[in-house]
Amino acid sequence: MSTGRLNIDLDAIAENWRALDQMSEQGVQTAAVVKADAYGLGLGKVARALAAAGARRFFVAVAEEGAALREALGPGPEISVFSGHMAGDTDMIYDLDLVPMLNSVEQLTRHFQALPRHPFGVQLDSGMNRLGMEPAEWAAAAPIILAQNPRLIMSHLACADEPDNEMNLTQLASFLDMTEGCGVPRSLAATGGILLGTDYHFDLTRPGIGLYGGLPYEGAHSVVALELPIIQVREIAAGESVGYGQGFIADHKMRVATVSGGYADGLFRAISNRAMLFHQDVPCPILGRVSMDMIGVDISHLTTNPQFLSILGEHQSIDDLASTADTIGYEVLCGLGQRYQRHYIRRTNPGIEGGQK
Ligand SMILES: *Cc1c(COP(=O)(O)O)cnc(C)c1O
């Protein structure tokens, strides 16, 4: 077997959900965001583990993901779609019982015409300028929309990972301004917003990255571990180079391992000559450029030739690797390729899990 081994700890995901659930008061519901194939970790398995832990409401980005999620979860859990009701979504929304978060007058019109009485939510723009109705638009249309009994009114924070950023208070004020007294359940917080405190929790929170072990939730249990097999080991002399473009040139004799895994597997080229792999506790630097399927690694200082080197796990988190590549943990997770052998870890019996605050 020459592909990397990706361990995904479903129990850790369930524990992270429970811990985030505990951070808000009794009566605040904690949903789970499983868009983009559950941040690259596998929609069906992750969503079923979260449902077993107690999650009853799920969010996806687009209706197609909602359809796949309904297939994985069966009837019961509420599935909401951030992108709302797009042309062509009507059958999926109706047949698979999805709840679109309507973002514009155009989407509201489409929804009320195509599926009158079918549940929906509303997304408002409190300053991020990405999705949702603008305050003026909402002010004009709110009476008509509220008369149709939306399930949820939500908005999204642009800077929740920066607790001191004034944008958080500005958006909170704008959201309160638009929704105070509306009589409909409200939601503003994703992972970062949960950590900002109870003022941001309203009736429902929508964590994503924190479930999967990423910042800004520093207390998260680690979820992924990735080991890459060593395909070949060679000695090189001073003056010899490693990899494309002679990206590394040795100034002394070295032992170089070629591991299986490259940018086609989501190991960014930007970590060339920068990131470390690990043998147990011992860091082993990447030598030269990351190729599509392989990476050269310095193992001169190891006393043995191991079979595998670790690139994600205890010694290097998704955010550690991300910062080496000038990106964020979200992108590391979503980039994890389809070539790895995936192993889902589940120590506890899902049948006996509780999960209510
Ligand atoms: C992705 C997303 C979330 C989850 O955000 P995290 O930072 O991963 O917790 C919540 N709400 C919306 C609207 C999103 O797009």
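Residues numbered from 1 in each chain as written. Predicted model: local features only at pLDDT ≥ 70, side-chain atom pairs only at ≥ 80, totals over all residues. Heavy atoms only, no water.

A word on the side chain of Thr324. With respect to the element layout, Thr324 can be found in helix 10 (residues 318-324). For Thr324, a relative accessible area of 17% corresponds to the buried category. Looking at Thr324, its side chain comes within polar contact range of the main-chain oxygen of Asp320, at 3.0 Å. When neighbours within four sequence positions are excluded, Thr324 is seen to be in contact with Ala270, Ile271, Arg274 and Ala275. (Helix = DSSP H or I, 4+ residues; strand = E, 2+ residues; numbered from the N terminus. Buried < 20%, exposed > 50% of the residue type's maximum accessible area, 1.4 Å probe, protein only. Polar contact = N/O pair within 3.5 Å; in protein donor to acceptor, adjacent residues only side chain to side chain. Contact = heavy atoms within 4.5 Å.)

Inspection of the entire model under this criterion finds 5 aromatic pairs. Between Phe112 and Phe120, the aromatic rings sit 5.3 Å apart at their centres with planes inclined by 75°, giving edge-to-face as the arrangement. Pairing Phe175 with Phe202 gives two aromatic rings, centres 5.0 Å apart and planes at 90°, and the pair type is edge-to-face. With Phe175 in helix 8 (residues 167-179) and Phe202 in the loop between helix 9 (191-196) and strand 10 (204-205), this residue pair connects regions lying 27 residues apart in the sequence. Judged by its relative accessible area of 0%, Phe175 falls in the buried class. Taken together, the ring pairs connect Tyr39, Tyr212 and Tyr330 into an aromatic cluster. (Phe/Tyr/Trp six-rings, centres within 6.5 Å; stacked < 30°, edge-to-face > 60°.)

Glancing now at the domain arrangement of the chain. When its domains are assigned, the chain resolves into domain 1 (10-212) and domain 2 (224-316). Each of domain 1 and domain 2 has a C-alpha centre, and these two points are 41 Å apart. (Domains from an automatic or database assignment.)

Looking now at the packing of helix 1 (residues 10-22) against helix 3 (residues 43-53). Between helix 1 and helix 3, the least distance of the axes is 9 Å, while the angle of their chain directions is 45°. When the axes of helix 1 and helix 3 are compared, the pair comes out oblique. Where helix 1 crosses over helix 3, the two elements pack in a sense that is right-handed. Here Leu10, Ile13, Ala14, Trp17 and Arg18 of helix 1 come into contact with helix 3, specifically with Lys45, Val46, Ala49, Leu50 and Ala53. (Axes fitted to C-alpha atoms, helices over the stretch in contact; angles between N-to-C directions. Parallel < 35°, antiparallel > 145°, perpendicular 65-115°, else oblique. Left-handed = near helix turned anticlockwise from the far one by under 90°.)

When the terminal C-alpha atoms of helix 1 are compared, their 19 Å separation across 13 residues agrees well with the 18 Å that a helix rising 1.5 Å per residue should span. Taken together, the buried positions of helix 1 are Leu10, Asp11, Ala12, Ile13, Ala14, Asn16, Trp17, Leu20 and Asp21. (Expected span 1.5 Å × (residues − 1).)

Looking now at the packing of helix 3 against helix 4 (residues 63-73). At their nearest, the axes of helix 3 and helix 4 sit 9 Å apart, and the two run at 60° to each other. By the angle between their directions, the pair helix 3 and helix 4 is classed as oblique. Pair helix 3 / helix 4 crosses with right-handed handedness. Residues Leu43, Gly44, Ala47, Arg48 and Ala51 of helix 3 lie in contact with helix 4, whose contacting residues are Glu65, Ala68, Leu69, Ala72 and Leu73. A per-class count over the contact of helix 3 with helix 4 returns 7 nonpolar, 1 polar and 2 charged. (Nonpolar A, V, L, I, M, F, W, Y, C, P; charged D, E, K, R; others polar.)

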